[in-house]
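Structural characterization, general
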Amino acid sequence: MKIIILGAGQVGGTLAEHLANEQNDITVVDTHAGKLRALQDRLDIGIVTGGASHPNSLYKAGAEDADMLIAVTNSDEINMMACQVAHTLFNTPTKISRVRSPNYLAHQDQLFNRDHIPVDVIIGPEQLVTNNIRQLIANPGALQVLDFADGRVQLVAVRAYHGGPIVGQELQQIRTHMPKVDTRVAAIFRHDRAILPQGDTVVEADDEVFFIAARENIRAVMSELRKVDKPYKRVMIAGGGNIGATLALSIENKYQVKVIERSYERCRVLSERLKHTIVLNGSASEPQLLAQENIEACDVFCALTNNDESNIMMSMLAKRMGAKKVITLITNPAYAELVGDEIDIAISPQQITIGSLLTHVRKGDISNVHSLRRGAAEAIEVTAHGDAYSSKVVGRRLDEIQLPEGVTIGAVVRGDEVLIAHKHIVVETDDHVILFLVDRRKISAVEKLFAVGFGFF
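Being a predicted model, the structure only gives us computed values, none of them experimental. (Residues numbered from 1 in each chain as written. Predicted model: local features only at pLDDT ≥ 70, side-chain atom pairs only at ≥ 80, totals over all residues. Heavy atoms only, no water.)

**Re the overall build of the protein chain**
The number of helices and strands found in the protein chain is 16 helices and 22 strands. Taken against the 2.2 N^0.38 rule, which gives 23 Å for 457 residues, the C-alpha radius of gyration of the protein chain at 23 Å falls within 12% of a compact globule. In terms of overall dimensions, the protein chain has a C-alpha envelope of 65 × 60 × 40 Å along the principal axes. Put simply, the protein chain has 457 residues, and 55% of those count as buried. Pairs at least 24 residues apart make up 61% of the contacts formed inside the protein chain by residues separated by at least 6 positions. Total accessible area on the protein chain stands at roughly 20700 Å², and carbon and sulfur atoms take up 48% of it. (Helix = DSSP H or I, 4+ residues; strand = E, 2+ residues; numbered from the N terminus. Rg over C-alpha atoms; globule rule 2.2 N^0.38 Å. Buried < 20%, exposed > 50% of the residue type's maximum accessible area, 1.4 Å probe, protein only. Contact = heavy atoms within 4.5 Å. Areas by Shrake-Rupley, 256 points an atom, 1.4 Å probe, with all protein chains shown as cover.)

**Quick look at the packing of aromatic side chains**
On inspection of all chains with the given rule, the structure shows two aromatic pairs. Relative to Phe210, the ring of Phe189 has its centre 5.8 Å away and its plane inclined at 75°; by these criteria the two rings are edge-to-face. Here Phe210 lies in strand S11 (residues 208-214) and Phe189 lies in strand S9 (residues 183-190), a separation of 21 residues in the sequence. Under the relative-accessibility criterion, Phe189 is labelled buried at 6%. Phe210 sits in the buried class, given a relative accessible area of 0%. Taken together, a centroid distance of 5.2 Å and an interplanar angle of 55° make the contact between Phe210 and Phe436 tilted. (Phe/Tyr/Trp six-rings, centres within 6.5 Å; stacked < 30°, edge-to-face > 60°.)

**Brief notes about the packing of helix H7 (residues 125-138) against helix H15 (residues 349-361)**
Contact geometry of H7 with H15 gives a least axis separation of 9 Å together with a crossing angle of 105°. Classed by the angle they form, the pair H7 and H15 counts as roughly perpendicular. Along the contact surface, H7 presents Pro125, Leu128, Val129 and Asn132, while H15 presents Pro349, Ile352, Thr353 and Ser356. Class assignment for the residues of the contact of H7 with H15 results in five nonpolar, three polar and no charged. (Axes fitted to C-alpha atoms, helices over the stretch in contact; angles between N-to-C directions. Parallel < 35°, antiparallel > 145°, perpendicular 65-115°, else oblique. Nonpolar A, V, L, I, M, F, W, Y, C, P; charged D, E, K, R; others polar.)

**Here we look at the domain arrangement of the protein chain**
Parsing the protein chain into structural domains produces domain 1 (2-123), domain 2 (129-225), domain 3 (237-349) and domain 4 (352-450). Taking only C-alpha atoms into account, the centre of domain 1 sits 28 Å from that of domain 4. With 14 residues of domain 1 at the contact, the number on the domain 4 side is 13 residues. The junction of domain 1 with domain 4 conceals about 1200 Å² of combined surface from both sides, 73% of it contributed by carbon and sulfur atoms. (Domains from an automatic or database assignment. Buried area = accessible area lost by both parts, 1.4 Å probe.)

Below, the structure written as structure tokens:
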């Protein structure tokens, strides 16, 4: 596929790396020649230095025969204009734009269509990150919570703790402990090494365990691996920008929420917009303010400013002063590798955004893509098409499907029915199959597996 990426920032650069490694023809456009050269030194891609929305830049990038344009510059207006130019001058088939401003997103349906601003897919990073954090708050103790099949199925990552019922035992014992709850462990990461689980695999303390289950069974399965945290009540948010404000707005009816924001003017805006949230003018890096606001009684502290260093320092301070759980927004991948035990969960906006973008880039009928473990692993939801004669998947039992190495099937969703993967289940046409890839380089093999051909039977 020939793809033009506009913007060589962290999202554009990470996306180029993902797609270039999957044998796509990638060209990146940016005004910053140094960033482009750094990318080209690492990746087999084309580069164009110039304005992302300028017709001559798009022409140089090959827009005349491009299959897709992905606009992820830091400017909503440039992204939207680039899609308009690509549509009008080059008739680019698929145009994806990152749009961050809530003012645009509030009128998304009226603005973004072929008759007005011709954008086929809108990616809103702030909303994606907010949804991710909200899921973590709703599932105490989880490291990651990912939705599939419109939320009917969830993939959850937890840290196995000493004393968990299944810790030190074989995975097959889960069914003995919970005969009425069906689940499957998709992968285990032990000291950053992936283990593809079998029935006789023994769970060890500190393992990072990814399991899949119907939404209503998630809490029961978590209790097998660790002491389940009590439901959270008090949430403190450091940073009243788009992400902090959107998160507060989405949870203030269920939790006691406080937002700390440095800008007095922004505080005034937030206090008018938020109905049940306490808005405080100040800095979460001030111990006195945290003490005054009873940080020791806080269930979750979320550091969501646009400064990585501030987020890390605030989080460490809040944890040392008694916050029970700390969630930290970190955009620099190098920092994410360095964070220690004082930060419980590091959120990467790039990886969350990349997953959403890849949903629209992958070959085949793919509904969801989630990038895991800072891009090393991936979970996808793909729809099976064809029949027993044209598909390598449809009409076959799960144990008959020749999966690539490092790939496991976690569940099959058939209409409203959730079928956790067991070897006797037969895949039917239009089933949604949820797969876990411990090595995302296997994605092309998975795409070929689900491709409809002739005479596979």
